[in-house]
Structure formats: C-alpha cells, structure tokens
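Structural overview
Take a look at the letters that make up each chain.
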Amino acid sequence: MAQITASMVKELREKTDAPMMECKKALAEADGDMARAEELLRVKLGSKASKAASRVTAEGLIGLHIAADGKQGAVVEVNCETDFVAKNDDFINFVAQVAELVADKNPADVAALSELPFADGTVESTRSALVGKIGENISIRRFERFETANKLASYVHGGRIGVLVEFDGADEVGKDLAMHIAATKPRALDAAGVPAELIEAERSVAAQKAAESGKPAEIVEKMVEGSVQKYLKEVTLLSQPFVKNDKQSVQQMLKENNASIKRFSLFVVGEGIEKKSEDFAAEVAAAAGNS
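No experiment lies behind these values; they were computed from the predicted model shown.

Conventions used here
Residues numbered from 1 in each chain as written. Predicted model: local features only at pLDDT ≥ 70, side-chain atom pairs only at ≥ 80, totals over all residues. Heavy atoms only, no water. Helix = DSSP H or I, 4+ residues; strand = E, 2+ residues; numbered from the N terminus. Buried < 20%, exposed > 50% of the residue type's maximum accessible area, 1.4 Å probe, protein only. Contact = heavy atoms within 4.5 Å. Axes fitted to C-alpha atoms, helices over the stretch in contact; angles between N-to-C directions. Parallel < 35°, antiparallel > 145°, perpendicular 65-115°, else oblique. Left-handed = near helix turned anticlockwise from the far one by under 90°. Nonpolar A, V, L, I, M, F, W, Y, C, P; charged D, E, K, R; others polar. Pairing = 2+ DSSP bridges. Core = buried A, V, L, I, M, F, W, Y, C linked by side-chain atoms within 4.5 Å.

Turning to the environment of Leu238, a few remarks are in order. Within the secondary structure, Leu238 sits in the loop between helix H10 (217–235) and strand E8 (241–242). Given the relative accessible area of 18%, Leu238 is considered buried. Sequence separation between Leu238 and Gln251 is 13 residues, and the spatial gap between their C-alpha atoms is 4.7 Å. Once residues lying within four places of it in the same chain are set aside, the contact partners of Leu238 are Leu189, Ser249, Val250, Gln251, Leu254 and Ile261.

Once that is clear, we can look at the packing of helix H9 (residues 196–211) against H10. Running from amino to carboxyl end, H9 crosses H10 at an angle of 140 degrees, the nearest separation of the two axes being 9 Å. The angle between H9 and H10 places the two elements in the oblique class. Handedness of the H9/H10 crossing: right-handed. For the pair H9 and H10, contact is made by Leu198, Ile199, Glu202, Arg203, Ala206, Ala207, Ala210 and Ala211 and by Val220, Met223, Val224, Glu225, Ser227, Val228, Tyr231 and Leu232, respectively. Looking at the contact of H9 with H10 residue by residue, the class counts come to twelve nonpolar, one polar and three charged.

The next point concerns the sheet that holds strand E2 (residues 72–80). What holds strands together in a sheet is hydrogen bonding between their backbones, with the strands either parallel or antiparallel. Spatially, three strands are ordered E1-E2-E5 in an open sheet, and the strand pairing comes out antiparallel. Strands at the two margins of the open sheet, each flanked by one partner only, are strand E1 (59–66) and strand E5 (138–147). Adjacent strand axes in the sheet meet at a mean angle of 15 degrees when their direction is disregarded. Taken together, the nine bridges between E2 and E5 define a ladder with antiparallel strand orientation. Looking at E5, one finds that Gln72 is bridged to Glu147. The strands touched by helix H5 (residues 89–105) are E1, E2 and E5; relative to E2, the strand with the most contacts, the crossing angle is about 145 degrees.

Below, the discussion takes up unusual backbone geometry. The backbone phi angle of Asp31 is positive, close to 55 degrees, even though this residue is not glycine. Here Asp31 is to be found in the loop between helix H2 (20–29) and helix H3 (34–45). You can call Asp31 partly exposed: its relative accessible area is 42%. In this model, Ala119 sits at a positive phi of 55 degrees, which is unusual for a non-glycine residue. Inspection of the secondary structure puts Ala119 in the loop between strand E3 (117–118) and strand E4 (121–122). Classification of Ala119 as exposed rests on a relative accessible area of 69%.

Turning our eyes to something else, we now look at the nonpolar core. The biggest cluster of nonpolar side chains holds 23 residues, and the ones touching the most others in it are Val78, Phe91, Phe94, Val98, Leu113, Val123 and Ile140. Of all the elements in the fold, those that place two or more residues in this core are E2, helix H4 (83–86), H5, helix H7 (123–134) and E5. The greatest single-element share of this core, amounting to eight residues, is contributed by H5. Once residues within four sequence positions are removed from consideration, Val123 is found in contact with Phe94, Val98, Leu101, Leu113, Ser114, Leu116, Phe118 and Ile140.

Spelled out as structure tokens, the structure:
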C-alpha cells in the first residue's frame, strides 16, 4: 500500500476541487496513482472533478497575426513567470512581432524560429536581452501557422485565449466561429478528430458509473454509449450549440449561412503546464522552524 502524503492530497484537491477527505479516500483506493484517483473522483463526483481542465497554471500571452492578404496567419504562445510581466509593453510587443514573424517566415519549429533574424540580432538574442532587462524568464512555447486559399479569422480574449480559424463564407461567420471556439473550447471539429485516449477515458468513467446502477448488461451498455455520445457532442465544434443561438448547432449555423470551417487552432496560456503553488504561510512557518 502506497503512503498517502498531505502533499499528494493537496495536489489532487487542486486538480479536482473535490473535498479533502474524498481526495484522501480516492488516493488510498488508487494506491497512490494520481490519474486513477482523479478518475475515481469523477466517477463519484461527476463534473466537479474535471475543473482542472480549465485552470490556467502559467503566465504569458497569446499572439495572433493575419497577413494583409488574409492568406497567412499564426498563433503563438509566449510564457513568462508572472502576470505583471505579461502586461509589460516590451513583452507585449515581442509577442506580437514573433506572431508576425511566424506568419511571414514559416519556421519549422520553435528552434528554427529562435534562429530567425529579429531586430538587431535573432529572435533568441532578443528574447535573452528581454530576460535581462525585465529580470524574469521568458520562453516561446509553441506556435501554429495557417496558409490557405480560403479565409482566416482570429480572436484573442484577454491575451490569454487565442483562436485562429480557416473558413469559407462571410467575414462575420469567421468572427463568430473564432469567438465561439474561445468560449466553448472544443477538442476537435467532429468526433473523428477527438483523440482515442480521451474517448476511452470517458468510456471508462461512464462504464464505472453505469455499473453502479445495477441494471442489466444490455442497459448498461446503452448507458455507456449514450454518455460517450453526449461527451462527443459537448467537445466537438460542429455539434455544439452555437453561442449566439443555442437553438441551432454550429453545423446548422454554417449551413444556414452557406459557409464551412476547414480547421481551427485554440491556444490557452499555460494549458497543461504545472505551476508551482506558492504558500506564503507555509514558507513563513518553515522558516521559523528552521531558525
């Protein structure tokens, strides 16, 4: 039996917002396996244990740029250590210029981007100089570039959520699509684009919930399939209720406007990055104990 420490319980609570004792019980049942414990909490507590998916855990900005001809565009995430630096004018300008450079030069990856000419040196030398000036680490985490014969639309919400959309139709449709995606954060265009591991994880949770109902196997199977289909409807763009008119799906809205969407990219600052939790009271107590 694995030892369940207070730090493990704290980590699971931060990930799920579940009650402390429920976290401890789940970890004990999962023999210390954090992922399994989180799954057990989802089975028991439902959506309350999935809040971590929307929690931002790092600072920085999303930069977006669409070329003047509307055929090339880029979205980029640049991270820093604090929200204060994310509001710094030099940092803001750097992010905007990097996004424009990606759209214009089409680098293969972040390493290639770092070597591109920039200002009086390269992107990397400029980044390094900015670190020295601001006194905080800065890193270019990722980017995606679109080049198309169709149209591009973009939307940035608060500098922390950025969307780039390739579509065909009226300009207003593209703007609406980008804002919808920022609001609902779909995983993919349709069910075919949802990663298999996410579907299987949802199926596993649904199966455990359904098994607890005590219903016959054939009913349980239908319950599981119904849960998976509900999940896919929630996380696929075309199936989602359109935010400006929830009586129709995004697919129905597109059909009504004789439009279509080819692909999209959604960046959320800090998504998937673990950020160290600062506990000032604990630090003071530890310092006092060591003195």
